[in-house]
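A structural walkthrough
Here are the chains, one letter per residue:
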Amino acid sequence: MDLNFTPEEESFRSEVRAFLAEKLPKHLSDNVANGKHLSKADMEEWHAILNERGWLANHWPREYGGTGWNAAEKFIFENECSLANAPRILPFGVSMLGPVLIKYGNEAQKRYWLPRILNGDDWWCQGYSEPGAGSDLAAVKTSAVRGVDAQGEHYIVNGQKTWTTLGQHANMIFCLVRTDRDAKQQEGISFLLIDMNTPGVEVRPILTLDGEHEVNEVFFTDVRVPAGNLVGEENRGWTCAKYLLTYERTNIAGVGFSVAGLRRLKAIAARQTRHGKPLLEDPGFAARLALVEIDLENMKTTNLRMIAAAAGGGVPGAESSMLKIRGTEIRQEILALTRRAMGVYARHFTQDMLDAGYDGPQFGHAFAAAASAQYFNNRKLSIFGGSNEIQRNIITKMILGL
C-alpha cells in the first residue's frame, strides 16, 4: 500500500482539525491534556458530539450508521483526535460489540442494538475475564442453562466476571458463557447479551492504587436472559470472541495515544533541565526518546497495513497480536520517560488533584499529578486484552506453526 497520504486525505485531515477546533469542548480537552479523571457525563457528551456529525462509529459500514472511511481516513481521524486531546471513544459498544453484531448478529439484533449504541441509549461493558480465566478465556465457567417457560425460551446465568471496566456505568454487558460443559472448552461457549438491571446481577467496585473506581467484579445469580439475546450460534461463541479480540487488541495498542503522549513528553523534556541544560540534550534521555520514537513510527506503518486489511474484508490474526505487544510496550515506555522527566514532581500524588474541579496548589508541570498515576495504572496494558506473553504464543502458533 502507498503510505503517503493523497491530496484528498490531506484535505480530510484539515476537515477533522476544523471540526475539533469548533466542536471539541475546552473543558474536555483541558482535562484530557492534564490527565484528569473524566466523568460518565464527559464521555457521553463527546460521544453525542461525534454521533451528531456521524463520526462516532467510523469503522462501521454506512448502512449501519458508519462513515465508510478508508484505512487512511480512520488513521488520520484517530491521530488528530489524540493530538487535540479529545476523550477516547469508549470501545465496548462502538468498537467491540458493534462489529460483532454486524458480522454475526441477526437482522433483528442489528436493527435494535446498533442504533442504541450510537445514540447512547445503552452503555456496554465487557464480561470476558473471570477469576480463573483471564488470558485463557476458553476456561470460562460462568454458566448459561437454556430453558422454556410461559414467557418463552431463556437462559439462566450463574457465575462471576472480573476487571469489568466502567461496569458501574453500564446498563448492558456482553458475556462469554458456558452453555455446554461436556464439549471441548472452546466449543461449549456462547456469546450472550445481558441487561445489567436484571434481578440477580450485582456489581462490586475494585479500587485501583490511585483511588479510581475504574474496574469491577460482576456477579450473576440465577439471572434470566431471553434466548433472543444470543449472538451467533449456541456453543459457537468463541468465533465471536476471537473476532472481537482483534478489535480490542488494536484499540489497546493506542497509536494515537502514543503520538499524543510523545508530543507531551517532548514538551516536558524541553522545559525540564539537568545540569543547566534541557533534558532533551541529555545523551541518555535523548537516546531512549529517539528509540521509542523510531518504534512508534514503525508501529504506525503496521497499524495502517492492518486496518487496510480489515477494510478489505480480512480478519487480522497474528498482526493484531503484534500490534498489541508493541503498542502497549511503546505506551508504557513513553509514560515511564514522562515520569522520569518530571523528576521529584512525579513523586507527589494527591488523588484530589486528578479531579476535574480541583483548584488547589499545583506542583511542577500541570501533568505532574497524573504522571505517576498513569504510569502505574497503565502497567496493565500489557496484561489485559490477552497478556503479551499469550500474544507471543499466538504469533508463534499462527506464523511459525509451533
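Now for a description of the structure that goes with this document.

Definitions and limits used
Residues numbered from 1 in each chain as written. Predicted model: local features only at pLDDT ≥ 70, side-chain atom pairs only at ≥ 80, totals over all residues. Heavy atoms only, no water. Salt bridge = Lys/Arg side-chain N within 4 Å of Asp/Glu carboxyl O. Helix = DSSP H or I, 4+ residues; strand = E, 2+ residues; numbered from the N terminus. Buried < 20%, exposed > 50% of the residue type's maximum accessible area, 1.4 Å probe, protein only. Axes fitted to C-alpha atoms, helices over the stretch in contact; angles between N-to-C directions. Left-handed = near helix turned anticlockwise from the far one by under 90°. Contact = heavy atoms within 4.5 Å. Nonpolar A, V, L, I, M, F, W, Y, C, P; charged D, E, K, R; others polar. Phe/Tyr/Trp six-rings, centres within 6.5 Å; stacked < 30°, edge-to-face > 60°. Lys NZ or Arg CZ within 6 Å of the ring centre and 35° of its normal. Disulfide = S-S within 2.5 Å. Pairing = 2+ DSSP bridges.

Description of the pattern of salt bridges
Applying the stated rule across the entire model yields 22 salt bridges. The closest approach of N and O atoms between Asp 149 and Arg 224, which form a salt bridge, is 2.8 Å. With Asp 149 in strand β2 (residues 143–149) and Arg 224 in strand β7 (residues 213–226), this pair connects stretches of sequence that are 75 residues apart. On the basis of relative accessibility, which here comes to 32%, the residue Asp 149 falls in the partly exposed class. Taking relative accessible area as the criterion, Arg 224 reaches 25% and is therefore assigned partly exposed. Between Arg 392 and Glu 329 there is a salt bridge, with the nearest N and O atoms lying 2.9 Å from each other. Placement of the pair is Arg 392 in helix α12 (residues 388–399) and Glu 329 in helix α10 (residues 318–342), with a sequence separation of 63 residues. Judged by its relative accessible area of 38%, Arg 392 is partly exposed.

Concerning the packing of α10 against α12
Between α10 and α12, whose axes approach to 9 Å, the crossing angle comes to 150°. The crossing of α10 and α12 is left-handed. Here α10 contributes Ala 318, Ser 321, Met 322, Lys 324, Ile 325, Thr 328 and Glu 329 to the contact with α12, which in turn contributes Asn 388, Gln 391, Arg 392, Ile 394, Ile 395, Met 398 and Ile 399. Class assignment for the residues of the contact of α10 with α12 results in 7 nonpolar, 4 polar and 3 charged.

Here we look at the packing of aromatic side chains
Taken as a whole and assessed by the stated rule, the structure comprises 14 aromatic pairs. Geometrically, the ring pair formed by Tyr 375 and Phe 376 is edge-to-face, given 5.0 Å between the ring centres and 75° between the ring planes. Connected via pairs of aromatic rings, a cluster forms that spans Phe 12, Phe 19, Trp 46, Trp 55, Trp 69 and Phe 77. When the ring centre of Trp 55 is taken as origin, the NZ or CZ atom of Arg 53, which lies over that ring, is 4.4 Å away. Lying over the aromatic face of Phe 219, Arg 204 brings its terminal NZ or CZ to 4.1 Å of the ring centre.

Notes on the side chain of Ser 29
Looking at where Ser 29 falls in the secondary structure, it is placed in helix α2 (residues 26–33). Ser 29 sits in the buried class, given a relative accessible area of 12%. Residues within four places of Ser 29 in sequence aside, it is in contact with Leu 24, Ala 84 and Asn 85.

A word on the state of the cysteines
Scanning all chains against the criterion turns up 0 disulfides. Unpaired in terms of disulfides, Cys 240 finds its nearest cysteine sulfur in Cys 175, a separation of 13 Å. Given a relative accessible area of 1%, Cys 240 falls into the buried group.

Regarding the environment of Ser 95
Its location among the elements puts Ser 95 in helix α5 (residues 91–104). Note: C-alpha distance between Ser 95 and Val 145 (50 residues apart in sequence) is 29 Å.

A word on the pairing of strand β6 (residues 201–207)
Side-chain positions along a regular strand alternate between the two faces of the sheet. Pairing analysis gives 7 bridges linking β6 to β7, with the strands arranged antiparallel. From the neighbouring strand, Arg 204 faces β7, where its bridge partner is Glu 217. Once β6 ends, the chain turns through 5 residues before running back antiparallel as β7, passing Gly 211 with a positive phi of about 80°.

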